[in-house]
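# A structural walkthrough
Below are the chains, spelled out letter by letter.
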Amino acid sequence: MEGFLAALAISFGVIFVAELGDKSQLMAMTFATRYRTGIVLAGITIATAVVHLVSVGVGVGLGSALPTGWIALAAGLAFLAFAAWTLRGDSLTEEEKSKAQRGGKSALWAVGGAFFLAELGDKTMLATITLATQHGWFGTWVGSTVGMVAADALAILVGRWLGRSLPERAVRYGAAALFVLFGVWLLVDAVGQLT
C-alpha cells in the first residue's frame, strides 16, 4: 500500500505540473465554452485514462528490461528536457482550435477523441512512461490520470473566472523550475546508483 500511495502522490504532482500551460489545457478551456463542464471533464478523463494506461504499460516494460541506474539517468535527462519544453510554451494550431470548436453528435466522444489524439506523444504521456519505469503501475496510472484531469479542471475554472488574464509566463516558469528540481534529483540518484 505504501508503494501505491508514493506512486500516486508522485505521479499526481508531476503530471499536474506538466499539464500547467499545456495545449490540452487550452483545448479544455475552448471545449468548455461550447459544452457543459461535466461533459468536457468526462471526455478528458476517458481519454487520459486510456493514454496513461498505455504509457504505464510502456514504462513498466522498459523498467523491467533496463537497469535502474540507467533508467534514473534517462529519467533525469527527460525531466530536464520537459523543463525546456515547458519554457518554450505550447499553443493550439488553427486546426486544433477548429477541432475544439466543432460540435458533433456526441460532445463526450468529440472531446475524448480530440484529447486522446492531442496527448499521444505529449510531455504528459512521456512523463507518465518515465514515472512508470520506477514506480508501481497502478499508482502511477491513477495518479497521472487524476493529476491531468485536476489540472485541466483548474484551467477550465480559472479560465472562466479570469478570462485571458492568466499569468502564463509565471505558470510556465514555475512548472519548468519544478521539472528541473525533479530532473536534478533523479540525476543525483542515478549517479549514486551507477558509481
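The structure under discussion appears in the preceding block.
A brief look at the structure comes next. (Residues numbered from 1 in each chain as written. Predicted model: local features only at pLDDT ≥ 70, side-chain atom pairs only at ≥ 80, totals over all residues. Heavy atoms only, no water.)

## So, the overall build of the chain
- When helices and strands are counted, the chain shows nine helices and zero strands.
- By the burial criterion, 43% of the 195 residues in the chain qualify as buried.
- Sequence-distant contacts, at least 24 apart, represent 94% of the contacts inside the chain between residues at least 6 apart.
- As presented, the chain carries roughly 9700 Å² of accessible surface, and 70% of it is formed by carbon and sulfur atoms. (Helix = DSSP H or I, 4+ residues; strand = E, 2+ residues; numbered from the N terminus. Buried < 20%, exposed > 50% of the residue type's maximum accessible area, 1.4 Å probe, protein only. Contact = heavy atoms within 4.5 Å. Areas by Shrake-Rupley, 256 points an atom, 1.4 Å probe, with all protein chains shown as cover.)

## A closer look at the packing of aromatic side chains
- Applying the stated criterion to the full structure yields four aromatic pairs.
- Relative to F16, the ring of F12 has its centre 5.8 Å away and its plane inclined at 20 degrees; by these criteria the two rings are stacked. Taken together, the residues span about one helical turn, with F12 and F16 both in helix α1 (residues 2-19) at a distance of four residues.
- Look at F12 and you get partly exposed, because its relative accessible area is 32%. (Phe/Tyr/Trp six-rings, centres within 6.5 Å; stacked < 30°, edge-to-face > 60°.)

## A few points about the nonpolar core
- Membership of the largest hydrophobic core comes to 15 residues, with the highest contact counts inside it found for M27, F31, Y35, V40, I44, V111 and F115.
- Those elements that provide at least two residues to this core are α2 (23-34), α3 (37-65), α6 (107-119) and α8 (137-162).
- When residues in this core are grouped by element, the largest group, five residues, is from α6.
- In terms of nonpolar packing, the next biggest core, distinct from the first, is built from five residues, I15, A127, L131 and M148 among them. (Core = buried A, V, L, I, M, F, W, Y, C linked by side-chain atoms within 4.5 Å.)

## Considerations on α3
- Here α3 spans 41 Å end to end across 29 residues, near enough to the 42 Å set by a 1.5 Å rise per residue.
- Listed as buried for α3 are V40, G43, I44, A47, T48, A49, V51, H52, S55, V56 and G59. (Expected span 1.5 Å × (residues − 1).)

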